[in-house]
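Residue strings, one per chain:
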Amino acid sequence: MEQEQVIIVGGGPCGLAAAIALQNEGLKPLVIEKDNIVSAIHRYPTHQTFFSTSEKLEIGQVPFLTEERKPKRSQALVYYREVVKRKQIRVNPFERVTKVTKQEDGTFYVVTSKRTYHCKQVVIATGYYDHPNSLGVPGEDLPHVFHYFKEAHPYFDQDVVVIGGKNSAVDAALELEKAGARVTVLYRGDTYSDSVKPWILPEFVSLVNHDKVKMVFRAQVKRITASEVEYETHGERKAARADFVFAMIGYHPDHDFLKTMGVAIDHDTGRPIHDPETMETNVEGIFIAGVIAAGNNANEIFIENGRFHGEMFAKLIRERVE
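Residues numbered from 1 in each chain as written. Predicted model: local features only at pLDDT ≥ 70, side-chain atom pairs only at ≥ 80, totals over all residues. Heavy atoms only, no water.

Caption draft 1: Structural view of the overall build of the protein. For the protein, the helix and strand inventory stands at 8 helices and 15 strands. The C-alpha radius of gyration computed for the protein amounts to 21 Å, which stays within 12% of the reference 20 Å derived for 322 residues, consistent with globular compactness. Within the protein, the proportion of its 322 residues that are buried is 48%. Contacts in the protein between residues far apart in sequence, at least 24 positions, make up 60% of those at least 6 positions apart. (Helix = DSSP H or I, 4+ residues; strand = E, 2+ residues; numbered from the N terminus. Rg over C-alpha atoms; globule rule 2.2 N^0.38 Å. Buried < 20%, exposed > 50% of the residue type's maximum accessible area, 1.4 Å probe, protein only. Contact = heavy atoms within 4.5 Å.)

Caption draft 2: Layout of the packing of aromatic side chains. In total, this model carries 17 aromatic pairs according to the counting rule given. Residues Tyr-129 and Tyr-148 carry aromatic rings whose centres are separated by 5.1 Å and whose planes lie at 70° to one another, so their mutual orientation is edge-to-face. On the criterion of sequence distance, the pair formed by Tyr-129 in the loop between β6 (116-124) and β7 (145-146) and Tyr-148 in the loop between β7 and β8 (159-163) is long-range, its members being 19 residues apart. A relative accessible area of 24% places Tyr-148 in the partly exposed class. Look at Tyr-148 and Tyr-251: their rings are 5.4 Å apart centre to centre, the planes differ by 25°, and that puts the pair in the stacked class. Here Tyr-148, found in the loop between β7 and β8, pairs with Tyr-251, found in the loop between β14 (244-247) and α6 (255-260); they are 103 residues apart in sequence, far enough to count as distant. (Phe/Tyr/Trp six-rings, centres within 6.5 Å; stacked < 30°, edge-to-face > 60°.)

Caption draft 3: Looking closely at the side chain of Gln-121. Counting through the fold element by element, Gln-121 comes out in strand β6. When its relative accessible area of 5% is taken as the criterion, Gln-121 is described as buried. Engagement of the side chain of Gln-121 in a polar contact is seen with the side chain of Arg-320, the distance being 3.3 Å. Leave out the neighbours within four places in its chain, and Gln-121 touches Gln-5, Val-6, Ile-7, Phe-108, Gly-285, Phe-287, Ile-317, Arg-320 and Val-321. (Polar contact = N/O pair within 3.5 Å; in protein donor to acceptor, adjacent residues only side chain to side chain.)

Caption draft 4: Fine view of helix α8 (residues 309-321). Spanning 13 residues, α8 covers 18 Å between terminal C-alpha atoms, matching the ideal 18 Å at 1.5 Å per step. Buried residues belonging to α8 abut β1 (2-9), α1 (13-24), β6, β15 (286-288) and α7 (303-306). (Expected span 1.5 Å × (residues − 1).)

Caption draft 5: Expanded view of the sheet that holds β8. Spatial ordering of the open sheet is given by β7-β14-β8-β9-β10, a layout of 5 strands whose pairing is parallel. Two strands in the sheet have a free side with no partner beyond their single neighbour: β7 and β10 (213-216). Note: β7 against β14, 2 bridges, orientation parallel. Following the sheet pairing, Phe-146 is matched in β14 by Phe-246. Sheet strands touched by helix α4 (residues 167-178): β8, β9 (182-186), β10 and β14. Its angle to β8, the strand with the most contacts, is close to 165°. Each of β9 and β10 is contacted by helix α5 (residues 201-209), which is oriented at about 95° to β10, the strand it contacts most. (Pairing = 2+ DSSP bridges. Axes fitted to C-alpha atoms, helices over the stretch in contact; angles between N-to-C directions.)

Caption draft 6: The arrangement of the domain arrangement of the protein in detail. In terms of domains, the protein is made up of domain 1 (2-131 + 251-321) and domain 2 (145-247). In this structure, domain 1 and domain 2 have C-alpha centres spaced 32 Å apart. Counting residues at the interface gives 17 residues for domain 1, matched by 11 residues for domain 2. Across the interface of domain 1 and domain 2, roughly 1,100 Å² is buried in total on both sides, 49% from carbon and sulfur atoms. Per-residue buried area on domain 1 facing domain 2 is highest for Thr-46, Phe-51 and Tyr-251; these three make up 38% of the total on that side. Here domain 1 is connected to domain 2 by 0 salt bridges. Our count for the domain 1 to domain 2 interface comes out at 9 residue pairs in polar contact (both at pLDDT 80 or more). (Domains from an automatic or database assignment. Buried area = accessible area lost by both parts, 1.4 Å probe. Salt bridge = Lys/Arg side-chain N within 4 Å of Asp/Glu carboxyl O.)

Now the structure itself:
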């Protein structure tokens, strides 16, 4: 069994920022990540541009310099790799945490796919990107239905249905249309979402107005078949041809993983019960950092504000570890 002071579960930007905050208090945290660092960003669409400016994505006071005001996915990957090297953050990649149990003396056993650790405090910074929301309709599990979008090229000259109307759906629709796909967007809202990036919405609206993309509002998906997406709008049942389907309807945290540790979840919001001043959960010694604190509302916490969570508990953890 390996001995550690503090273990951080999750190597995204907020987990790395928490590690730096703890290092600044003289501790030596270990980050355990099931893939490699910032894996969610790696899984973003290849040509993704961030909503925020580069300085709002900075962690550890390491400057994030780009020529453009808003950085691209590829630039963010380079930046966070450099932060890990400069700050000498200890990361165990490709190691999945399967269980966290508290002992009678207040310490923890952390079991992973490779080994077991014994530590004094635990930080959960697992995000939500691994758990897409479900449509809850027949056919959602068919092999041509996806919850993630990477690149548009494979869908040239194909009928593609995008389900959703916020940033991820609009980004996917723009890329697909540009690559020559015939795109239909089904959105349950009455009009374009206010959350869509303001610099891409005019382009998307223009494509819709010029019949380059078919946009259907108030669309409730009812069933997905091998060749169509059946939906209802304004009380009428319709179908859209679909060689491929992208259900871009958001993601949620892994509530079950938290519950196995004894962390309570608010039924209505999906938020882990925690002290907003220290980010400590109802289980003493288990803290949360990043978007996982937002529960079901993924639009509440981002890298921009979640990166400061580590500073909220670093001193308290140091006092307990010492």
